[in-house]
Amino acid sequence: MGRVEGKVALISGAARGQGRSHALRLAAEGADVVLLDACAPIPSAPIDMPSSDELERTAEEVRGLGRRALAHVVDVRDTGGLAKVVDDAVAAFGGIDVVCANAGIFATAPALETDDALWEETLAINLTGVFRTVRAALRPMVEGGRGGSVIVTSSTAGLKGVPNTVAYSASKHGVVGVVRVLANEMAPHRIRVNSVHPTGVNTAMIRNEATYRLMVPGVEHPTSEQAEPVFASINALPVPWVEASDVSEAVLWLASDESRFVTGIALPVDAGATQK
């Protein structure tokens, strides 16, 4: 039997990267999944957003593991769209047991160069969008009475001040507050609420020229090879980044009954970055 056998997991930002990795790891351990992603351009994001084809690819890979999958193109800022996703999930699968509020963007700028648009869009997606996703899923979880687990993707930037990321850091610190409040409010319903805090993860979110320029200022078109030693200097362990699968292992543990008495924690998966 898998570690989350028979559970239903809702995962935002599931078209690629960490979200896809979490979906496949949970499915491999027996969960059916509900996948959502905006699949639309986001002006503040320095990279192209995933497509609906990529979201469907995640769903097909889940089905290839023998589990059921629903895929929805919806923005986490869309309260009505999220409500429909949840209603469809309950109708199809009978309830929701696990929420992975993973969707987010990573846009960087010095604080004095952070304009209103970048600030507002980052907070709307990374903080408000997380809350709206979790709020939508918690309603049937509470009504279902079978407990559950909520896992919010934060960052090392949710535990320490990271230069040139004021909007991102504010959003990732903000979700820690959401987690701590909900851990208390949801405990009587046997719903646990925790956050995971990765260092840089080897996905498109950091493997792009905009982030390389942050690491190697003054170079017009920095390469991954030039940026890698700077990434490595952030971490205590001698690695430039972790893999999405490393974060998925933490998500799986928090989703499973192995962590049944763990709630309200901020779990680093950070190669020691928060120790420096």
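Residues numbered from 1 in each chain as written. Predicted model: local features only at pLDDT ≥ 70, side-chain atom pairs only at ≥ 80, totals over all residues. Heavy atoms only, no water.

(A) Fine view of the overall build of the protein chain. On a plain count of helices and strands, the protein chain comes out with 8 helices and 7 strands. On C-alpha atoms alone, the protein chain measures out to a radius of gyration of 18 Å, which is about the 19 Å that the 2.2 N^0.38 rule sets for 276 residues. Taking the principal axes of its C-alpha atoms as reference, the protein chain extends roughly 55 × 35 × 35 Å. Counting the 276 residues in the protein chain, one finds 53% classified as buried. By element, 54% of the accessible surface of the protein chain is carried by carbon and sulfur atoms, the whole surface being about 11,800 Å². Here the protein chain contributes 24 positive and 32 negative side-chain charges, whose respective centroids are spaced 7 Å apart. (Helix = DSSP H or I, 4+ residues; strand = E, 2+ residues; numbered from the N terminus. Rg over C-alpha atoms; globule rule 2.2 N^0.38 Å. Buried < 20%, exposed > 50% of the residue type's maximum accessible area, 1.4 Å probe, protein only. Areas by Shrake-Rupley, 256 points an atom, 1.4 Å probe, with all protein chains shown as cover. Lys, Arg positive; Asp, Glu negative; His and termini not counted. Charge placed at Lys NZ, Arg CZ, Asp CG, Glu CD.)

(B) Here's a closer look at the nonpolar core. Within the largest apolar cluster, 35 residues are counted, with the highest numbers of intra-cluster contacts made by Val-134 and Val-150. Contributions of two or more residues to this core are made by β1 (8-12), β2 (32-37), α3 (79-93), β4 (98-101), α4 (116-144), β5 (148-153), α5 (166-186) and β6 (191-198). It is α4 that provides the largest number of residues to this core, a total of 7 residues. With 33 residues, the next largest nonpolar core counts Ala-69, Ile-151, Val-247 and Leu-267 among its residues. (Core = buried A, V, L, I, M, F, W, Y, C linked by side-chain atoms within 4.5 Å.)

(C) Here's a closer look at the packing of α4 against α5. At a minimum axis distance of 8 Å, the contact between α4 and α5 shows a crossing angle of 20°. Between α4 and α5, the interaxial angle falls into the category roughly parallel. As for the relative orientation of α4 and α5, their crossing is right-handed in sense. Taken together, the residues of α5 that come into contact with α4 (itself represented by Leu-118, Trp-119, Thr-122, Leu-123, Asn-126, Leu-127, Val-130, Phe-131, Val-134, Leu-138 and Val-142) are Val-166, Ala-167, Tyr-168, Ala-170, Ser-171, Lys-172, Gly-174, Val-175, Val-178, Leu-182 and Met-186. Looking at the contact of α4 with α5 residue by residue, the class counts come to 17 nonpolar, 4 polar and 1 charged. (Axes fitted to C-alpha atoms, helices over the stretch in contact; angles between N-to-C directions. Parallel < 35°, antiparallel > 145°, perpendicular 65-115°, else oblique. Left-handed = near helix turned anticlockwise from the far one by under 90°. Contact = heavy atoms within 4.5 Å. Nonpolar A, V, L, I, M, F, W, Y, C, P; charged D, E, K, R; others polar.)

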